Amino acid sequence: MLMAIDEEFRRFKQIREELNLTQAAFAEELGISATTADIERGRTRIPGQVVKELLKKYHINPLWLFGDSSQKYLYTDKIFVNPKVVTVDQAGNDNIVLVSAKAAAGYPNNIGDAEWFEALPAFTIPLPEYRNATFRGFQVDGDSMTPALQSGEWIWARAVDDWDSLSDKHMYVIVTIDSVLVKRIRKEKDSTFVNLISLNPDYVPIRIDRNEIREVWQVNSKLSFNLEEDKTEISLQGLYQEMRDLRQEVKKLAK
C-alpha cells in the first residue's frame, strides 16, 4: 500500500512539472489554499476535488494518478485545446503575443508560465477581424508548408476552444508537449490519433496521439516581407499551358 501512495505523490508532482507551474500556481489552478507542497511531500492525500479538477482541466486519468493504470490521459466528450495563458493590454484587451522561431523552442515548456508570455513582444490590431477572439503571432520556421507559407513569415492564428471545431480545411498551429508545428489536421475515425499534414509533399504526415496536444490555433492571416514575383502563380500558369498543348496533341492524333 505504501508503494501505491508514493506513486500517487510522484505522479502528482510530475503533472505540475510538465505544466511548468510553481507549487503556488498549481494550487491556485486546482483550488487548493497555499501550495501543493504537502501533497508532493506525502503529508496530505490528494483531495477528491483536486482529482476532479485534474481530470477536468488536464484530462488526467484518476486510475493513472493512483498507480492503477498506464493510461495517463482520459478524455470526456469535449476536448479543450484553448490557450493556457492570455495577456492583456492596459485597456483590458487581449494582446497578440509574438512567438518568434527562437521563442517557439521554449513555448511547450513554458505553456503555463504567465511571466514567460508577458516577457514576449505583444501588440493589438484595431481591425474588426481581430475582435472578440484571442490571437497569437507565430513565425514560420522551415519549408514544410510551402507554397502557402515561407520560412521567416509571420502568421496570425486564432485560439481554438475545443477539439470538435477543428476542420481539415484549415491550417493550424499545434502546440504539443515538445514542439510548435504548423500543419493541417486530419482526424482518424474512432481513434485518439490524428495526422498532421504538411503542404510540401516532401514531408510525410506526422501521426500523433491528441493526448500530446496542448493548444491549437487556427491560422487566420500572414505577414510577408517577400514581395517578389509570385513563383507559385507562374508555375501554375506553366502547368495550364502544358495541359493546353497536350490537348492539342491529342486532337491531332485523333484526326
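That block above? That's the structure.
Since the model is a prediction, treat every value here as computed from it, not as a measurement. (Residues numbered from 1 in each chain as written. Predicted model: local features only at pLDDT ≥ 70, side-chain atom pairs only at ≥ 80, totals over all residues. Heavy atoms only, no water.)

Visitor: Help me understand the pattern of salt bridges in this model?
Guide: Two side chains of opposite charge can pair, provided their charged atoms sit close to one another. Per the stated rule, a full pass over the model turns up nine salt bridges. Between E18 and K72 there is a salt bridge, and its shortest N-O distance comes to 2.4 Å. Here E18 is found in helix α1 (residues 2-19), whereas its partner K72 is found in the loop between α5 (62-65) and β1 (96-99), with 54 residues between them in sequence. Between K222 and E153 there is a salt bridge, and its shortest N-O distance comes to 3.3 Å. In this pair, K222 is assigned in strand β9 (residues 213-223) and E153 in the loop between β3 (135-139) and β4 (154-159), connecting sequence segments 69 residues apart. Residue classification places E153 among the buried positions, given a relative accessible area of 6%. Through salt bridges with shared partners, a single network forms among E7, R10 and R11. (Salt bridge = Lys/Arg side-chain N within 4 Å of Asp/Glu carboxyl O. Helix = DSSP H or I, 4+ residues; strand = E, 2+ residues; numbered from the N terminus. Buried < 20%, exposed > 50% of the residue type's maximum accessible area, 1.4 Å probe, protein only.)

Visitor: Explanation requested: the nonpolar core in the structure shown.
Guide: A general tendency of soluble globular proteins is for nonpolar side chains to be buried together. Ranked by size, the top nonpolar core spans 22 residues in total, and within it Y107, F138, I155, V173 and W217 carry the most contacts. Of all the elements in the fold, those that place two or more residues in this core are β1, α6 (101-104), β4, β5 (171-176) and β9. Not counting the four nearest positions on each side in its chain, V173 is found in contact with F138, I155, A157, V180, L181, V182, E215, V216, W217 and V219. Counting residues in hydrophobic clusters, the runner-up holds 17 residues, among them L19, L30, L54 and Y58. (Core = buried A, V, L, I, M, F, W, Y, C linked by side-chain atoms within 4.5 Å. Contact = heavy atoms within 4.5 Å.)

Visitor: Would you mind showing me how to read the sheet that holds β5 here?
Guide: Think of a sheet as strands paired side by side through backbone hydrogen bonds, with each pair either parallel or antiparallel. Read from one edge of the open sheet, nine strands run β2-β1-β3-β4-β9-β5-β6-β7-β8, paired in mixed fashion. Two strands lie at the open edges of the sheet, namely β2 (122-123) and β8 (206-209), each paired on one side alone. As defined by bridge partners, β5 adjoins β9 across five bridges and the pair is classed as antiparallel. Bridge pairing in β9 places V173 opposite W217. (Pairing = 2+ DSSP bridges.)

Visitor: Explanation requested: helix α2 (residues 23-30) in the structure shown.
Guide: Side chains of residues three or four places apart in an α-helix project in the same direction, reflecting 3.6 residues per turn. Listed as buried for α2 are F26, A27 and L30. All buried residues of α2 fall inside an arc of 100 degrees around its axis, so they share one side. (Arc of directions from axis to C-beta.)

Visitor: Would you mind going over the packing of aromatic side chains with me for this structure?
Guide: The description of two aromatic rings rests on the distance between their centres and on the angle between their planes. Within the structure shown, the criterion is met by nine aromatic pairs. Between F12 and F26, the aromatic rings sit 5.2 Å apart at their centres with planes inclined by 40 degrees, giving tilted as the arrangement. Residue F12 is located in helix α1, and its partner F26 is located in helix α2; the two are separated by 14 residues in the primary sequence. Across the pair, exposure class does not vary: F12 and F26 are buried alike. (Phe/Tyr/Trp six-rings, centres within 6.5 Å; stacked < 30°, edge-to-face > 60°.)

Visitor: How do you make sense of the layout of surface pockets when you look at a structure like this?
Guide: Any space left empty among the atoms is revealed by the rolling of a water-sized probe across them. Of the volumes computed, that of the largest pocket is approximately 610 Å³. Considering the residues around the largest pocket, the lining is formed by 31 residues, among which L19, E29, K57, Y58 and K84 are closest to the centre. Counting residues per element, the ones that place at least two in the lining of the largest pocket are α1, α2, α4 (48-58), α7 (114-118) and β9. Class assignment of the residues belonging to the lining of the largest pocket gives a composition of 15 nonpolar, six polar and 10 charged. (1 Å grid on protein atoms, 1.4 Å probe; cavity = no way out; pocket = protein on both sides within 12 Å on 5 of 7 lines; lining within 4 Å. Points joined across faces, edges and corners; volume = space filled by probe spheres on them. Nonpolar A, V, L, I, M, F, W, Y, C, P; charged D, E, K, R; others polar.)

Visitor: Where do I start with the environment of V180 in this structure?
Guide: In this structure, V180 sits in strand β6 (residues 180-187). C-alpha of V180 to C-alpha of D141: the two residues are 39 residues apart in sequence and 9.7 Å apart in space. Discounting residues that sit within four places of it in the chain, V180 has contacts with A104, Y107, P108, F138, V173, I174 and V175.

Visitor: Can you walk me through the packing of α2 against α4 in this structure?
Guide: Any two packed helices are characterised by how steeply their axes cross, that is the angle between the axes, and by the distance between the axes. Their axes nearest at 9 Å, the elements α2 and α4 cross at an angle of 90 degrees. Comparing their axes, α4 and α2 come out roughly perpendicular. Together, F26, E29 and L30 of α2 and V50, E53, L54, K57 and Y58 of α4 make up the contact between the two elements. Here the contact of α2 with α4 is built from residues that sort into five nonpolar, no polar and three charged. (Axes fitted to C-alpha atoms, helices over the stretch in contact; angles between N-to-C directions. Parallel < 35°, antiparallel > 145°, perpendicular 65-115°, else oblique.)

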